[in-house]
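Chain by chain, the residues:
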Amino acid sequence: MLMFNGSVFRPPVLTLIGIPGLESVQCWIGIPFSVMYVMAVFGNSLLLLIIRSENSLHKPMYIFLALLGATDIALSTCILPKMLGIFWFHLPEISFDACLLQMWLIHSFQAIESGVLLAMALDRYVAICDPLRHATVFSQQLVTRIGVGVTLRAAILATPCLILIKCRLKLYRTTVVSHSYCEHMAIVKLAIEDIRINKIYGLFVAFTILGFDIIFITLSYVRIFITVFQLPQKEARLKAFNTCIAHICVFLQFYLLAFFSFFTHRFGSHIPPYVHILLSNLYLLVPPFLNPIVYGVKTKQIRDHVLKMFFSPKSS
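Residues numbered from 1 in each chain as written. Predicted model: local features only at pLDDT ≥ 70, side-chain atom pairs only at ≥ 80, totals over all residues. Heavy atoms only, no water.

Student: Account for empty space enclosed by the protein, with residues named and values stated.
Tutor: Using the criterion set out here, one finds one cavity of 30 Å³ or more in the structure. Empty space within the largest cavity amounts to approximately 390 Å³. Forming the walls of the largest cavity are 19 residues, and the residues nearest its centre are His107, Gln110, Ala206, Leu210 and Phe262. Among the secondary structure elements, those contributing two or more residues to the lining of the largest cavity are helix H3 (96-129), helix H5 (140-168), helix H7 (196-229) and helix H8 (234-267). Per element, the largest residue contribution to the lining of the largest cavity is five residues, and it comes from H7. Residues belonging to the lining of the largest cavity are distributed by class as follows: 12 nonpolar, five polar and two charged. (1 Å grid on protein atoms, 1.4 Å probe; cavity = no way out; pocket = protein on both sides within 12 Å on 5 of 7 lines; lining within 4 Å. Points joined across faces, edges and corners; volume = space filled by probe spheres on them. Helix = DSSP H or I, 4+ residues; strand = E, 2+ residues; numbered from the N terminus. Nonpolar A, V, L, I, M, F, W, Y, C, P; charged D, E, K, R; others polar.)

Student: Quick rundown of the side chain of Asp123? Include the residues and the values.
Tutor: Mapping Asp123 onto the fold places it in helix H3. Taking the relative accessible area as the measure of exposure, Asp123 reaches 0% and is therefore buried. Sequence-distant contacts of Asp123, that is, excluding residues within four places in its chain, are made with Pro60, Met61, Phe64, His134 and Phe138. (Buried < 20%, exposed > 50% of the residue type's maximum accessible area, 1.4 Å probe, protein only. Contact = heavy atoms within 4.5 Å.)

Student: Hey, could you go over the pattern of salt bridges for me, with residue numbers and the actual values?
Tutor: If you walk through the whole model with that rule in mind, you get five salt bridges. With its nearest N and O atoms 2.8 Å apart, the salt bridge here joins Arg124 to Asp123. There is no split in this pair, since Arg124 and Asp123 are both buried. With a shortest N-O distance of 2.9 Å, Asp194 and Arg196 are connected by a salt bridge. According to the relative accessible area criterion, Asp194 is partly exposed, its value standing at 37%. Relative accessible area serves as the criterion here: at 58%, Arg196 is assigned to the exposed category. (Salt bridge = Lys/Arg side-chain N within 4 Å of Asp/Glu carboxyl O.)

Student: Mind laying out the state of the cysteines, listing which residues take part and the relevant values?
Tutor: For the structure shown, the criterion picks out one disulfide. Residue pairing for Cys99: its cysteine sulfur links by disulfide to Cys182, the two sulfurs lying 1.9 Å apart. Between Cys99 and Cys182, the S-S dihedral sits near -115°, and the bridge is therefore left-handed. Within this pair, whereas Cys99 is found in helix H3, its partner Cys182 is found in the loop between strand E6 (176-177) and helix H6 (184-188), the two being separated by 83 residues in sequence. Here Cys182 falls in the buried class, since its relative accessible area comes to 0%. Summary of cysteine pairing: Cys78 is not part of a disulfide, and the nearest cysteine sulfur, belonging to Cys182, is at 11 Å. (Disulfide = S-S within 2.5 Å.)

Student: Requested: an account of the sheet that holds strand E4 (residues 93-95), with residues and values cited.
Tutor: Pairing is mixed in the open sheet, where three strands are placed in the order E4-E3-E6. Looking along the sheet, the strands with just one partner apiece sit at the ends: E4 and E6. The pairing of strand E3 (residues 13-16) with E6 spans two bridges and is classified as parallel. What sits directly across from Thr15, in E6, is Val176. Across the face of the sheet, H3 comes into contact with E3 and E4 while running at roughly 85° to E4. (Pairing = 2+ DSSP bridges. Axes fitted to C-alpha atoms, helices over the stretch in contact; angles between N-to-C directions.)

Student: So, the environment of Ala158: which residues are in play, and what are the values?
Tutor: Its location among the elements puts Ala158 in helix H5. Sequence-wise, Ala158 and Gly202 are 44 residues apart; in three dimensions their C-alpha atoms are separated by 8.9 Å. Aside from chain neighbours lying at most four places away, what touches Ala158 is Trp104 and Ser108.

Student: Account for the pairing of E3, with residues named and values stated.
Tutor: Only one face of E3 is covered, namely the face carrying Leu14 and Leu16; the face carrying Val13 and Thr15 is uncovered. When E3 meets E4, the two strands line up antiparallel, connected through three bridges. Paired with Val13 across the bridge in E4 is Ser95.

Student: Let's hear about the UniProt feature "transmembrane region" (unreviewed entry) in the protein chain: which residues, and what values?
Tutor: The feature "transmembrane region" (unreviewed entry), as given by UniProt, occupies residues 28-50, 62-89, 101-122, 142-165, 200-222, 243-263 and 275-297 in the numbering adopted here. Along residues 62-89, the helical share is 100% and the strand share 0%, with 39 Å between the first and last C-alpha atoms. When the span residues 275-297 is considered, its composition is 100% helix and 0% strand, and the gap between its end C-alpha atoms is 30 Å. (UniProt positions renumbered as here; feature names shortened; annotations may be inferred.)

Student: So what's going on with the packing of H5 against H7? Which residues, and what values?
Tutor: Relative to each other, H5 and H7 sit at 170°, their axes nearing to 10 Å. Regarding the angle of H5 to H7, the classification is roughly antiparallel. Contacts from Arg153, Ile156, Leu157, Pro160, Cys161, Leu164, Ile165 and Arg168 of H5 reach H7 at Ile197, Asn198, Tyr201, Phe204, Val205, Thr208, Ile209, Phe212 and Asp213. For the contact of H5 with H7, a count of residues per class yields 12 nonpolar, two polar and three charged. (Parallel < 35°, antiparallel > 145°, perpendicular 65-115°, else oblique.)

Student: Now, about the environment of Leu67: what can you tell me, with residues and values included?
Tutor: Structurally, Leu67 is set in helix H2 (residues 60-89). Distance in space between the C-alpha atoms of Leu67 and Leu117 is 10.0 Å, their sequence separation being 50 residues. Apart from the residues within four sequence positions on either side, Leu67 is in contact with Val116, Gly147 and Val150.

Below is the structure:
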């Protein structure tokens, strides 16, 4: 490792300290985190199994839900094993390249999740506002293109973050990352050099993905609610509104935590670091944990298949 006036030239290894200020109780914090992870993997795997095995669920809404579940499993798996290694086994070191890879995967899967949520909102918009054309508009070909599109968008927009760090930032004031996983700004702030381009591109990606998606999701649901409240029958209004409740719950918990984490990293210097890092961790762990529960409870077709799978009598 080369040193220049106290700085480090391209450190081969970084050290993740976990949750600053709560190092003494991290072993206990790891318990609920590990429970959430196990439940997230189990719940989303169950969703994937049900959707794959039931032909009646091979529809756009459930295909998007399966993509969301697969993304949730991958996202939580990117961070929790290493995080538990820090909390329980005192293994904070991670190679610089592995840290950049983790950063790229995390931000890519976050962007994919946001894109899938937008696709689900548009699917509900067409299903409720123009039901006769839903099957024509959301064809199997379009659903495939949407899945490929949101994946490519995430990978393409997240890649320059990795390149800008790898190629521009060479001198680092420390190798200690005040975080429990490799987050873009947490790594960038270690550098001594000018990081304005990195910050600007990070803002660009955030507003291109999260900003764009949340605007169109909001517009979709405004139009959906206008259509729902214009329905003549009360039963039809309640049924249409009930189909949207699960989606709205998922949107709110994902985007509220996302924007809190994003703005705190840049403008929340007065917020204690442990509060910010805890909520950043919850931002990545809570959605994968809650999504299968929310959809399992609120979506009748999935709820019925879960009950059938676990509680139907076995034929002898």
